[in-house]
Amino acid sequence: MNFEFLGDNFMSLTVTGLTQGAIYALVALGYTLVYGVLRLINFAHSEVFMIGTFVTTIVWAGLGFGVGASAPGTFGVLGLIALAVVAAGAASGGTALIVERVAYRPLRKRNAPSLIFLISAIGASVALFELVGAITDRQPRGMPSLVQPKVQFTIFGADVTNLQIGIILSALAMLAGLDIFINRTRLGRGVRAVAQNPDVAALMGVNKDRVIMLIFVLGGMMAGAASVLYDVKVGITTYSVGFLIGIKAFTAAVLGGIGNLRGALLGGLLLGVVENYGAGVFGNEWMDVVAFVMLVVVLLFRPTGLLGESLGRARA
Amino acid sequence: MLLELDNVTVSYGRIEALHGISLTVGEGEIVALIGANGAGKSTTMRAISGLRPVGQGKIHFDGQDITKMRADLRVIRGVSQSPEGRGIFPGMTVRENLEMGAYTRRVRAEVDEDLQRAFDLFPRLKEREKQAGGTLSGGEQQMLAVGRALMSRPKLLLLDEPSMGLAPMLIQQIFDIIVEINQQGTTVLLVEQNAQQALSRAHRAYVLETGRIVKEGSGNDLLTDPAVKDAYLGVA
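Residues numbered from 1 in each chain as written. Chains lettered and ligands numbered in written order. Predicted model: local features only at pLDDT ≥ 70, side-chain atom pairs only at ≥ 80, totals over all residues. Heavy atoms only, no water.

Engineer: I keep staring at a nonpolar patch on the surface and nothing clicks. Help me out?
Structural biologist: Residue and element names in this part refer to chain A. There is a patch of nonpolar side chains on the surface, built from M1, F3, F282, W286, V289, V293, V296, V297, L300 and F301 and spanning about 1,100 Å² of accessible area. The greatest single-element share of the nonpolar patch, amounting to 6 residues, is contributed by helix α12 (residues 287–301). Secondary-structure assignment places L300 in helix α12. Taking the relative accessible area as the measure of exposure, L300 reaches 65% and is therefore exposed. (Patch = residues over 30% accessible without salt bridge, like charges linked within 9 Å, V, L, I, M, F, W, Y side chains within 5 Å. Areas by Shrake-Rupley, 256 points an atom, 1.4 Å probe, with all protein chains shown as cover. Salt bridge = Lys/Arg side-chain N within 4 Å of Asp/Glu carboxyl O. Helix = DSSP H or I, 4+ residues; strand = E, 2+ residues; numbered from the N terminus. Buried < 20%, exposed > 50% of the residue type's maximum accessible area, 1.4 Å probe, protein only.)

Given below as structure tokens:
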């Protein structure tokens, strides 16, 4: 155990953790939206994220920025990232929608018990995972490093890079956008109504199927955006990339209170930070252990997560 | 006829809850559906709104067969319901609950007008405008449920047990408002256990027993009917 290391590098571990946590949070939104409305854990969401990471590399390679290509100027990089966000968002959102149509809707129409949904979810996840595995020959796929981390400023001895700032800020912006959409718009109100009471929502004239499609697309788009941030940060992806990120994001969602959007943000950031502290104290190989121990401890004391409750109920 | 149920059956699994109900509601009427617990009153309401599938029979609304129509589309056609147990969205404010009632409407100015009307009918809701629906008292929730159901500007307003759990004075008040809403031009079908109030306010009424309609007549006729008196009005 190395508490001295933690003390000396506290701020820099915090910044690294927040960056990682921002990506967890974006992916966690997909779990939380679907759970909030359908009380269903969409295990295929991890693969929705994975598909985004590949579409990003395909778009970049298609534009002449394959492995080893040198990065264009600042505006070029921003343009490439923006394009990737659109493409990966569309691909991941589309994948999520297909999963809903193929794996869940038919069961919903037959009023299947929730265990059946879970099996269908795992099946959809394995199918996507193996499909991409087969297409890519199970080889990882590289990409150019578009953003060279450059220290922008130092805070309590921790260097903060442009990459970290970019990732955290874009994740926060997307979360804020989604939060406004859910809480302030008519359609968002429809989503909350279905989450709180599907029958009464129908009595208000809300089309439940449309709301369900909407949340799958929204969650998928957020995962797509997260996949671009992940690619920019890590620079390599593979067909199994979704597994660990998916579990971490799901953990983040549960930690913050599954079904609660702001809980996903809190849970994601907290998980990212704490696992980095854990890695600092116990060594990198203990990172995931620390993350899941924290989950268990929090759930022991707060079974509904830190912010608790579901999509509509918790306004704050 | 605005609403016409023709021999409608509804089942929960293998158990048939409604064994062929026929009833009509004419434009401008207040029609009451009375009966004991489990007689099928709420099931009838759910079938009319499209929350329960109809087995046999037909439902016509405003000259159109709506038997198989999706629930949300019936709202657009003009059917609105204040459901059993009120169905307030607990995490939404009073105002948001009312706005949910206007979910199918697009013209903002008209919605604002109707919000004002709801607040005029129920001044209490105006005071509680920013409060979460789940924190309201039972009476306030009932007002909110009725006010919300009006926000879609329905042709037909379905009220499931509007007096449930309310103090006697509030019951009077809520029925006064139902009559007022009706006089403003909305047709009302209401389900009630409080037969005394329902029959004295309704133009016509049906008596439901274990999934069958056993009696119908004007509110006043049923009020003085010995069998009805015996079963539903208690000993005076």
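After that view, the rundown keeps rolling.
Engineer: How should I be thinking about the interface of chain A and chain B in this particular structure?
Structural biologist: It is common to give the size of an interface as the accessible area lost on bringing the parts into contact. The interface is formed by 21 residues belonging to chain A together with 24 residues belonging to chain B. Roughly 2,100 Å² is buried in total at the junction of chain A and chain B, and carbon and sulfur atoms are behind 60% of that figure. It is R186, L203 and M204 of chain A in chain A that bury the most area against chain B; as a group they hold 36% of the surface buried on that side. At the boundary of chain A with chain B, the tally comes to 3 salt bridges. For E99 of chain B, the salt bridge goes to R189 of chain A, with nearest N and O atoms at 3.5 Å. Put simply, chain A and chain B have 5 residue pairs in polar contact (both at pLDDT 80 or more) between them. For the side of chain A that touches chain B, the secondary-structure elements that each account for two or more residues are α7 (186–196) and α8 (198–203) of chain A. (Contact = heavy atoms within 4.5 Å. Buried area = accessible area lost by both parts, 1.4 Å probe. Polar contact = N/O pair within 3.5 Å; in protein donor to acceptor, adjacent residues only side chain to side chain.)

Engineer: I tried to follow the nonpolar core on my own but got confused; where do I start?
Structural biologist: Proteins that are soluble and globular tend to have nonpolar side chains buried together. W60 and Y104 of chain A are the most contacted members of the largest nonpolar core, which totals 94 residues. With 13 residues, the single largest contributor to this core is helix α2 (residues 10–38) of chain A. Beyond its immediate stretch of four places on either side in the chain, Y104 of chain A contacts L40, N42, F43, A44, V99, F117, S120, A121 and F216 of chain A. Core analysis: the next-biggest nonpolar cluster, separate from the first, contains 44 residues, I30, A102, A118 and L150 of chain B among them. (Core = buried A, V, L, I, M, F, W, Y, C linked by side-chain atoms within 4.5 Å.)

Engineer: Got a minute to help me understand unusual backbone geometry in this structure?
Structural biologist: Most of the time, phi is negative for any residue but glycine, and the peptide bond is trans. A positive phi angle, close to 55°, is found at D137 of chain A, a residue other than glycine. Among the residues examined, D137 of chain A registers a relative accessible area of 59% and is labelled exposed. Of note in this structure, R153 of chain B is not a glycine but carries a positive phi near 50°. For R153 of chain B, the position within the fold is in the loop between α6 (138–150) and β7 (156–160). Note on R153 of chain B: relative accessible area 36%, which makes it partly exposed.

Engineer: Is there a simple way to think about the packing of helix α3 (residues 45–62) of chain A against helix α9 (residues 208–234) of chain A in this case?
Structural biologist: Packed helices, taken two at a time, are described by their axes: the angle between them and the distance between them. Residues and elements named next belong to chain A. The geometry of α3 relative to α9 is characterised by a closest axis approach of 8 Å and an angle of 55° between their N-to-C directions. The angle between α3 and α9 places the two elements in the oblique class. Pair α3 / α9 crosses with right-handed handedness. Contacts between α3 and α9 pair H45, V48, F49, G52, T53, T56, T57 and W60 from the former with G219, G220, A223, A226, S227, V228, Y230, D231 and V232 from the latter. Partitioning the contact of α3 with α9 into residue classes produces 8 nonpolar, 8 polar and 1 charged. (Axes fitted to C-alpha atoms, helices over the stretch in contact; angles between N-to-C directions. Parallel < 35°, antiparallel > 145°, perpendicular 65-115°, else oblique. Left-handed = near helix turned anticlockwise from the far one by under 90°. Nonpolar A, V, L, I, M, F, W, Y, C, P; charged D, E, K, R; others polar.)

Engineer: Quick question: what am I supposed to make of the packing of α2 of chain A against helix α11 (residues 261–282) of chain A here?
Structural biologist: Residues and elements named next belong to chain A. Axis separation between α2 and α11 bottoms out at 6 Å; the angle between their running directions is 140°. Here the hand of the crossing between α2 and α11 comes out right-handed. When its residues are assigned to classes, the contact of α2 with α11 shows 16 nonpolar, 10 polar and 1 charged.

Engineer: Could you clarify how one ought to interpret the pairing of β7 of chain B in this entry?
Structural biologist: Working note: regular strand, side chains alternate between the two faces of the sheet. All names here are of chain B. The buried fraction of β7 amounts to 5 of the 5 residues, a majority that puts the element mostly inside the structure. Every second residue of β7 is oriented toward a common face, with L156, L158 and D160 on one face and L157 and L159 on the other, all of them buried. The pairing of strand β6 (residues 79–82) with β7 spans 4 bridges and is classified as parallel. Considered in β7, the bridge of Q81 is made with L158. Across 5 bridges, β7 lies against strand β8 (residues 187–192) in parallel orientation. By the bridge assignment, L156 is partnered in β8 with T187. After leaving β7, the chain enters helix α7 (residues 168–183) and then returns to the sheet as β8, a path that is right-handed. (Pairing = 2+ DSSP bridges. Right-handed = clockwise from strand over helix to strand, strands pointing away.)

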